[in-house]
Amino acid sequence: MGIYEEMLDEPRTTREYMRIVKALLLSLCLLLPGCTQDVVNPEQELFDDNTFVNEDEHIKLTWTIEWASTIRIVLDKQEGPNIDLYTMTEVNYQKYEDCDSFVYLADLSDPNTAAANLEATVDAGTYVTVIDNTDCGEAQPPDQGGLFSSDENDRARVDYRITAQ
Ligand SMILES: [Ca+2]
Ligand SMILES: [Ca+2]
């Protein structure tokens, strides 16, 4: 009770009150997992877009992180066929482009998907995330081509966001 009486008795400046409020917020923050991490190490947005991927095309998203970071990828296919979502090193991207077999980061990839919500911690380096609407990989856009018909463009509309923290 003595402390409260003292606080009430002594006139305080706004700055002093702000200091007390900040101290209280910080001590509350310490109790919440992830709260101090957000303050100290804010989430950085790498990509955020809503766009179309034509049939037989892919989107190449190259990103570099300076130190080990938690990468989050959220993707939602809103129209069209399923796509392949792959994250790989640049060397493997060359193999992917040639439609050869390649190695990808399983935790940050989702072959033949309509929606993905991925998270993984990766080492510093440069990586390539691919949103693929080609015949390579697992998913393949429908082929309407025939003797008397030509293939139609089955484009996929994707909404995606990649962040690093
Ligand atoms: Ca594919
Ligand atoms: Ca087609």
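As a starting point, this report considers the structure included with it. Everything numeric here is computed off the predicted structure, so don't read it as measured data. (Residues numbered from 1 in each chain as written. Chains lettered and ligands numbered in written order. Predicted model: local features only at pLDDT ≥ 70, side-chain atom pairs only at ≥ 80, totals over all residues.)

## Remarks on the overall build of the protein chain
Each helix and strand in the protein chain was counted, giving four helices and eight strands. When the helices and strands of the protein chain are listed from N to C terminus, the series reads α-α-α-β-β-β-β-α-β-β-β-β. Burial statistics for the protein chain: of 165 residues in total, 23% are counted as buried. Residue pairs at least 24 apart in sequence account for 78% of intrachain contacts in the protein chain once pairs closer than 6 positions are excluded. (Helix = DSSP H or I, 4+ residues; strand = E, 2+ residues; numbered from the N terminus. Buried ≥ 20, exposed ≤ 12 C-beta atoms within 10 Å, placed from the backbone. Contact = placed C-beta atoms within 7 Å.)

## Looking at the nonpolar core
With 23 residues, the main nonpolar core has Ile 73, Ile 83, Tyr 86, Met 88, Tyr 96, Ile 131 and Val 158 as its most contacted residues. Of all elements in the fold, only β1 (44–53), β3 (69–79), β4 (83–89), α4 (90–97), β7 (125–132) and β8 (156–164) reach the threshold of two or more residues within this core. Apart from residues no more than four positions distant in its own chain, Tyr 86 is found in contact with Tyr 96, Tyr 104, Ser 109, Val 130, Asp 132 and Gly 137. (Core = buried A, V, L, I, M, F, W, Y, C linked by C-beta atoms within 7 Å.)

## A short note on the sheet that holds β4
Sheet architecture is open: four strands sit in the order β2-β7-β4-β5, paired in antiparallel fashion. Sheet topology places β2 (58–65) and β5 (110–113) at the edges, where each strand pairs with a single neighbour. Adjacent strand axes in the sheet meet at a mean angle of 15 degrees when their direction is disregarded. One ladder, built from eight bridges, connects β2 with β7; its direction is antiparallel. By the bridge assignment, Thr 62 is partnered in β7 with Val 128. Taken strand by strand, α4 contacts β4 and β7, and its axis lies near 140 degrees from that of β4. (Pairing = 2+ DSSP bridges. Axes fitted to C-alpha atoms, helices over the stretch in contact; angles between N-to-C directions.)

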